[in-house]
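Remarks on the overall topology
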Amino acid sequence: MKVRNPKSVLRRMPLDLVEEETKHGVLNKSLGLWQLTAIGVGGIVGVGIFSLAGLVAHGDANNPGAGPAVLISFLIAGLASAAAALSYAEFAGMIPRSGSAYTYGFVALGEIIGWFIGWDLLLEYIAIVAVVAIGISGYAEAFFAGVGIELPATLTSTPDEGEGGIINLPAILFCLLVTFILSRGTKTFGRFELIAVSIKVLLILFIIGLGVFYIDTANFNPFMPSGFGPVLAGAATVFFAVFGYDAMSTAAEEATDGRKHMPKAILLSLVIAMVLYVGATLVLTGMQNYQDIDPTAGFASAFNSVGLPVIATIISVFAVISILTVMLTFLLGVTRVWFSMSRDGLLPGWFAHTDHSGTPQRVTWIAGIASALLAGVFPIRAVADLTNIGILSAFVVVCISVILFRYTRPDAPRTFRLPWMPFVPIFGVLSSLFLILQLHWETWVRFGVWLVIGLIIYFAYGRRHSVLNPDSPNYRHDLATRD
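Given the structure is predicted, the values throughout are model-derived calculations rather than measurements.

Re unusual backbone geometry
Note the cis peptide between Asn-221 and Pro-222, where omega equals 5 degrees. One can find Pro-222 in the loop between α8 (186-211) and α9 (228-238). Phi is positive for Ser-100, close to 55 degrees, though the residue is something other than glycine. Turning to its location among the elements, Ser-100 is positioned in the loop between α4 (70-94) and α5 (101-108). For Ser-100, a relative accessible area of 0% puts it in the buried group. With phi around 55 degrees, Trp-420 is a residue other than glycine that occupies positive phi space. With respect to the secondary-structure elements, Trp-420 resides in the loop between α15 (380-408) and α16 (423-436). Residue Trp-420 is classed as exposed on the basis of its relative accessible area of 66%.

What about helix α13 (residues 309-343)?
Because each turn of an α-helix spans 3.6 residues, side chains separated by three or four positions in sequence point in the same direction. Its 35 residues give α13 an end-to-end C-alpha distance of 51 Å, which sits within 8% of 51 Å, the value for a rise of 1.5 Å per residue. Most of α13 sits out of view: 28 of its 35 residues are buried. Gly-345 sits one or two residues past α13 and shows a positive phi near 90 degrees.

Notes on the nonpolar core
Core analysis: the largest hydrophobic core is formed by 155 residues, its most contacted members being Phe-50, Phe-239, Tyr-245, Phe-299 and Met-327. The greatest single-element share of this core, amounting to 18 residues, is contributed by helix α6 (residues 111-146).

Thoughts on the packing of aromatic side chains
Any two aromatic rings considered together are summarised by their centre-to-centre distance and by the angle between their planes. Counted by the stated rule, this structure contains 15 aromatic pairs. Ring centres of Tyr-102 and Phe-106 lie 5.9 Å apart, and the angle between their planes is 55 degrees; this geometry places the pair in the tilted category. Placement of the pair is Tyr-102 and Phe-106 together in helix α5, with a separation of four residues, close to one helical turn. Across the pair, exposure class does not vary: Tyr-102 and Phe-106 are buried alike. Through successive ring pairs, a cluster of aromatic residues spans Tyr-88, Phe-91, Tyr-104, Tyr-245, Phe-395 and Phe-405.

Thoughts on the pattern of salt bridges
Under the counting rule described, the total for this entry stands at seven salt bridges. Note that Glu-254 is salt-bridged to Arg-336, the shortest N-O span being 2.9 Å. Of this pair, Glu-254 sits in the loop between α10 (245-248) and α11 (258-287) while Arg-336 sits in helix α13, and the two are 82 residues apart along the sequence. Of the two residues, Glu-254 and Arg-336, neither departs from the other in class, the shared state being buried.

Quick look at the confidence of the model for the chain
Here the chain averages 84 in pLDDT, while 89% of its residues score no lower than 70. The element-level mean pLDDT for the chain is lowest in helix α18 (residues 477-480), coming to 52, with α11 highest at 91.

About the thresholds
Residues numbered from 1 in each chain as written. Predicted model: local features only at pLDDT ≥ 70, side-chain atom pairs only at ≥ 80, totals over all residues. Heavy atoms only, no water. Helix = DSSP H or I, 4+ residues; strand = E, 2+ residues; numbered from the N terminus. Buried < 20%, exposed > 50% of the residue type's maximum accessible area, 1.4 Å probe, protein only. Expected span 1.5 Å × (residues − 1). Core = buried A, V, L, I, M, F, W, Y, C linked by side-chain atoms within 4.5 Å. Phe/Tyr/Trp six-rings, centres within 6.5 Å; stacked < 30°, edge-to-face > 60°. Salt bridge = Lys/Arg side-chain N within 4 Å of Asp/Glu carboxyl O. pLDDT = per-residue confidence, 0-100.

Set out below in structure tokens:
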């Protein structure tokens, strides 16, 4: 059936053409269920445990510490994320195409909605790679300090941190390292991710298993030292640590059986992550008083505080390795969203070029260098809050889309149907909006400026070059005549 209003900004990508592109796409299909799950766990678990848990528990100059109640922050964020995860699972089983929320919004709500989410995700995923690199740099410093090497503050912190820093060089180098790994191709990346995530899970289980013997229950009192406000604000910050499956879903087109494996991988990765988070936050705040936790290297400081500096050094080494998987997952996400937007004509097709192994090298290196520049000059909390408002906005769109698509396209084949429709996605919308309201006004301003820039680019280029626009040089007749 012909697309309604082909010149409208709300024209929708036909579902059957999405399926055809998925079958005959240029990306290499090499990811199985456990590799996809590893990518999801790799994206979720990492900086939340090794960096943000300590930061939210301890607090900073502008945010009182949540104390041991950081556990509640994680549970609130996890509950909100679960509703969105179920919505992602339904879409991923129905539309196993590169692009994730961008594609879902384009198919269900229209081109301009898909554009805004895609444009939003370009910034958010690059910022996530940057904030994780900043988190890793704290553990890198802890490792070098443990072996007697003190890195100069001028090269390990940013000017805003007030420590005399100029640039965060370790964070920049980590960004460039993961860019190189991802540029080697999906098959190589998938194998690396599976091995690194296995190491990560074993490390966290080791931390929990050893740390439980050093818990001092006095550290749990007071459990909520600054009231419930910092706990809610902390939930908005650690929300960064309970998504990752969304970035993993951008790899749906590279799965060997996306319809079957994507929903399972999304749900498995979130369940595994939340179990690890609950155990880890209890151990962290039980081992050391929340006021003494190092907000940049929480577990290293906790084991130092109980007289286990060797363990702290080991944790710092493996924390760096394990957090790399988070960076890899989200760098994968931004490159696949960028690739999809370029393939659809909303951004120049030059970016959609792939090499002989099906890897979009151009966007991979551009995104990697951009994240390195961001990591080198911004403090961790400012970047973390910026990422959260964008991802939460994407969750709102996906949850609304899954409701509308269930009723407008009930005939579409679905390998997974989320339960309790429409209550689960409505809860996802409301909880995401609630967490957005906990973020600082500066974050709203930065986000608003980025969306205005995106709006200008869409009307100046994207709308005119879209593959659905009959007047576009990229126009495809078959795309414009199907539904």
